[in-house]
Amino acid sequence: MKYLSKDDLITDSFERFIDESSKDFSETIDNNEARSIALVKSYLADRYAVDIIFGENTPPTPPLRNELLVDIISKITLYKIFRRNAARKLPNDIKEDYEWAIQQLTRINSGRVLLDLPPALDDEGRPMSETIWGDLTNPDFYI
C-alpha cells in the first residue's frame, strides 16, 4: 500500500472481513487504495499540493500523513473492498462511513475544513486558494 498501512484498515474493520473480501485477488487492497487516493486527489487538487502529499513529486519523498486523510482514505478503501463481495450485504455503518468520508472531502474542497498540508501553488508561486474568480458574463460585475 502507498499511503495506508494494514493497521489503518484494521483500525476501522476486522482483519478477517478484509481478508475474506480480498483473498480471491491479491491486489484488491492496493488497487482500491489507489482508486481511493485518486478520488481524494480530485477533491484536494485545487487547494493542496497532492504530489507532495502523496509522495509523487520529483525527487520522490515519503507521503505526508494527515490523520484526517488517513481516516477518509481508509473508509473509502474499505467500502470499495467490501462492495466486491456481492453475496454479502453491506452493513449500514460501512455505507455511513463512506458518506462521511465524501462529506469531509467536500468540506475540505470548499475550504470549510483546513488541513495542515502544503498548499497548491499557481505558476507565480501563490497559493491557488487565493485566486480571485469572477463571472464575466454579467456586465454589471467588475473585479
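Scroll up for the structure.
Overview of the structure. These numbers were taken from a predicted model, which means no experiment stands behind them. (Residues numbered from 1 in each chain as written. Predicted model: local features only at pLDDT ≥ 70, side-chain atom pairs only at ≥ 80, totals over all residues. Heavy atoms only, no water.)

**Comments concerning the environment of I37**
- Take I37: it is sitting in helix α3 (residues 28-44).
- Along the backbone, I37 and K2 are 35 residues apart, and their C-alpha atoms lie at a distance of 9.2 Å. (Helix = DSSP H or I, 4+ residues; strand = E, 2+ residues; numbered from the N terminus.)

**Notes on helix α6 (residues 92-110)**
- When the terminal C-alpha atoms of α6 are compared, their 27 Å separation across 19 residues agrees well with the 27 Å that a helix rising 1.5 Å per residue should span.
- Within α6 the residues assigned to the buried category are I94, A101, I102, Q104, L105 and I108. The arc that holds every buried residue of α6, seen down its axis, measures 155°, which confines them to one face.
- Turning to α6, the residues buried within the fold contact α3 and α5 (67-83). (Expected span 1.5 Å × (residues − 1). Buried < 20%, exposed > 50% of the residue type's maximum accessible area, 1.4 Å probe, protein only. Arc of directions from axis to C-beta. Contact = heavy atoms within 4.5 Å.)

**Comments concerning the nonpolar core**
- Counting 29 residues, the largest nonpolar core has Y3, V40, F54 and L69 as the members making the most contacts within it.
- Of all elements in the fold, only α3, α4 (50-53), α5 and α6 reach the threshold of two or more residues within this core.
- When residues of this core are assigned to their parent elements, the largest contribution, nine residues, is made by α5.
- Setting aside residues no more than four positions away along its own chain, L69 makes contact with Y3, V40, L44, I53, L115 and L117. (Core = buried A, V, L, I, M, F, W, Y, C linked by side-chain atoms within 4.5 Å.)

**Considerations on the packing of aromatic side chains**
- In total, this model carries three aromatic pairs according to the counting rule given.
- Geometrically, the ring pair formed by F14 and F17 is edge-to-face, given 5.4 Å between the ring centres and 90° between the ring planes.
- Given the relative accessible area of 58%, F14 is considered exposed.
- The class of F17 is partly exposed, set by a relative accessible area of 27%. (Phe/Tyr/Trp six-rings, centres within 6.5 Å; stacked < 30°, edge-to-face > 60°.)

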